[in-house]
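For reference, the chains in residue letters:
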Amino acid sequence: IATVEVPEQYTGAVVELLGTRRGEMFDMQSAGSEGSNILKYKIPTRGLLGLRNAILTASRGTAILNTVFDCYGPWTGEMHTREQGSLVAFEDGTTTSYALSSCQERGKLFVGPGVEVYKGQIVGIHQRSGDLALNVCKRKAATNVRSNKEVAVVIDAPLEYSLDDCIEYIQEDELVEVTPLSIRMCKNPRFAKKSNRV
C-alpha cells in the first residue's frame, strides 16, 4: 500500500503517475485546511521502484510518500516506465572531455570524463527511442598546427542513479552491475548477439 500526501494542485500529476505504475486508488481524503490530499493506493512492488523520485519531481518536492507491504497479488500486466533508449559505449577505454562534449547532445550522461568504461556499458539516456552506440573514449586529433584560440569544453554534470533508479531504468535486454565501488548498467550480451543492436 502506498500512501501519498500531496498538495491539491499536484494531485492530478501524482494520480496519473501512480496509474501508469498499475496502482489502484482505494481512498482519497482532504488533509486539513492546508489544501492537500491523502491518496491511498494498492500498487505492485515493481511499481514502487523509482517511484519516490518520480513523485517528488511531479509534485515539485512537496509530496510525502509512505509504503507498507499488504499482500501478494496476481500479475497486473506490463509496466512501461521509459520511452527513451540508452546511450551505449562503443568500445573499452577511458572517457574523455572531447568525446563527452559531442555525446551530451544526444542525451543525458551517467559518466563524466576520466571514467573507465567497457563495450556495451550504458553511459546515458538517449533523447529518442532506440539505443545508440557512442564512442565516449575518442581523443582529439593531435596535429603540428597550433591553434590561436582555445576552445573551452563545457560538460554537464553526470546523472547519479541509485540501485532503485537503475532497476527501474533497465529494460528486458539490460542488466544492472553492482560492485563495491560502483553501480553500472550494461546491455545483456545474450540479447546483443540476437539483435545486433550494439
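Structure: above.
Read on for an overview of the structure.

About the criteria used
- Residues numbered from 1 in each chain as written.
- Predicted model: local features only at pLDDT ≥ 70, side-chain atom pairs only at ≥ 80, totals over all residues.
- Heavy atoms only, no water.
- Salt bridge = Lys/Arg side-chain N within 4 Å of Asp/Glu carboxyl O.
- Helix = DSSP H or I, 4+ residues; strand = E, 2+ residues; numbered from the N terminus.
- Buried < 20%, exposed > 50% of the residue type's maximum accessible area, 1.4 Å probe, protein only.
- Pairing = 2+ DSSP bridges.
- Axes fitted to C-alpha atoms, helices over the stretch in contact; angles between N-to-C directions.
- Contact = heavy atoms within 4.5 Å.

### Description of the pattern of salt bridges
Where charged atoms from two side chains of opposite charge approach closely, those side chains can pair.
Stage number 1. Here the structure, examined in full by the defined rule, presents six salt bridges.
Stage number 2. Taking the shortest distance from any N to any O, the salt bridge between Asp 131 and Lys 187 comes out at 2.5 Å. Note that Asp 131 is positioned in the loop between β9 (122–126) and β10 (132–134) and Lys 187 in strand β12 (residues 183–187), a separation of 56 residues in sequence.
Stage number 3. Residue class for Asp 131 comes out partly exposed when judged on its relative accessible area of 21%.
Stage number 4. The shortest N-O distance in the salt bridge between Arg 184 and Glu 177 comes to 2.6 Å.
Stage number 5. With relative accessibility at 24%, the residue Arg 184 sits in the partly exposed group.
Stage number 6. Taking relative accessible area as the criterion, Glu 177 reaches 22% and is therefore assigned partly exposed.
Stage number 7. Here the salt bridges do not stand alone but share partners, grouping Asp 131, Asp 173, Glu 174 and Lys 187 into one network.

### A word on the sheet that holds strand β2 (residues 24–31)
Stage number 1. Read across the open sheet, the four strands follow the order β2-β3-β1-β4; overall the sheet is antiparallel. Strand pairing shows two members of the sheet lacking a second neighbour, β2 and β4 (64–67), which therefore form its edges. For this sheet, the mean angle separating the axes of adjacent strands, direction not counted, is 15°.
Stage number 2. Judged from the four bridges that link them, strand β1 (residues 2–7) and β4 form a sheet pairing that is antiparallel. Residue Val 4 lies in a different strand from β4, and its bridge partner there is Leu 65.
Stage number 3. Those strands touched by helix α1 (residues 11–20) are β1, β2 and β3 (36–42), and its axis lies near 5° from that of β3.

As far as function goes, none of this settles anything; it's purely spatial.
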